[in-house]
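This is what each chain is made of:
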Amino acid sequence: MSAETIASTIEATAGDAAKVKAYCAMAAKINEIGDDEKKAEEAGDEIDGYFKELGPDFEAAWNSGQDAAPDSAEAKAFEEA
């Protein structure tokens, strides 16, 4: 996924109040989990539910941003968005 697509997908999500609420809840859960593998496993269904609310385009953009090389345009677009 291109940097432009990542940025536009995340920006579109930011314009939807229900998706912003889901994203914030997901981010809080991810922060709560930290590096604890057991907590991550236990929260898997909950995190999947947030991604379902956010939609397949958001999930694809998220995965592309997370998987991108740290200095790539895609990673930078993800972090900026």
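The preceding data block contains the structure.
Since the model is a prediction, treat every value here as computed from it, not as a measurement.

Chemist: Can you help me understand the overall build of the protein in this one?
Modeler: If you tally the helices and strands in the protein, you get six helices and zero strands. Taking 2.2 N^0.38 as the reference for a compact globule, 81 residues should give roughly 12 Å; the C-alpha atoms of the protein span a radius of gyration of 13 Å, in line with that estimate. By its C-alpha atoms, the protein is 35 × 30 × 15 Å across when sized along the principal axes. Counting only residues that meet the buried cut, the protein has 30% of its 81 residues in that class. Contacts in the protein between residues far apart in sequence, at least 24 positions, make up 62% of those at least 6 positions apart. For the protein, the accessible surface area stands at approximately 5400 Å², while carbon and sulfur atoms represent 48% of it. Put simply, the protein has 7 plus and 20 minus side-chain charges, and the middle of one group is 7 Å from the middle of the other.

Chemist: Any chance you could explain helix H5 (residues 56-67) here in plain terms?
Modeler: Owing to its 3.6 residues per turn, the α-helix brings residues three or four apart onto one side. In this model H5 runs 16 Å from its N-terminal to its C-terminal C-alpha over 12 residues, within 8% of the 16 Å that 1.5 Å per residue would give. Three or more residues of H5 are buried, namely Phe58, Ala61, Trp62 and Gly65. Seen from one end, H5 has its buried residues packed into an arc of 100°, which puts them on one side. Turned more than 90 degrees off the buried face of H5, the exposed positions are Pro56 and Asp67. Where H5 is buried, its residues meet helix H1 (3-14), helix H2 (17-33), helix H4 (44-54) and helix H6 (73-80).

Chemist: In this structure, what is going on with the packing of aromatic side chains? I would like to understand it.
Modeler: Applying the stated criterion across every chain, the model contains six aromatic pairs. Where Tyr23 meets Phe58, the ring centres are 6.0 Å apart and the plane angle is 70°; that geometry is what we call edge-to-face. One end of the pair, Tyr23, is in helix H2; the other, Phe58, is in helix H5, and 35 residues separate them in sequence. A ring pair is formed by Trp62 and Phe78, whose centres lie 5.4 Å apart and whose planes are at 85°; its orientation type is edge-to-face. In this pair, Trp62 is assigned in helix H5 and Phe78 in helix H6, connecting sequence segments 16 residues apart. Residue Trp62 is classed as buried on the basis of its relative accessible area of 16%. Given a relative accessible area of 11%, Phe78 falls into the buried group. An aromatic cluster of at least three residues, connected via ring pairs, comprises Tyr23, Phe51, Phe58, Trp62 and Phe78.

Criteria and cut-off values
Residues numbered from 1 in each chain as written. Predicted model: local features only at pLDDT ≥ 70, side-chain atom pairs only at ≥ 80, totals over all residues. Heavy atoms only, no water. Helix = DSSP H or I, 4+ residues; strand = E, 2+ residues; numbered from the N terminus. Rg over C-alpha atoms; globule rule 2.2 N^0.38 Å. Buried < 20%, exposed > 50% of the residue type's maximum accessible area, 1.4 Å probe, protein only. Contact = heavy atoms within 4.5 Å. Areas by Shrake-Rupley, 256 points an atom, 1.4 Å probe, with all protein chains shown as cover. Lys, Arg positive; Asp, Glu negative; His and termini not counted. Charge placed at Lys NZ, Arg CZ, Asp CG, Glu CD. Expected span 1.5 Å × (residues − 1). Arc of directions from axis to C-beta. Phe/Tyr/Trp six-rings, centres within 6.5 Å; stacked < 30°, edge-to-face > 60°.

The values are spatial; any link to function lies outside them.
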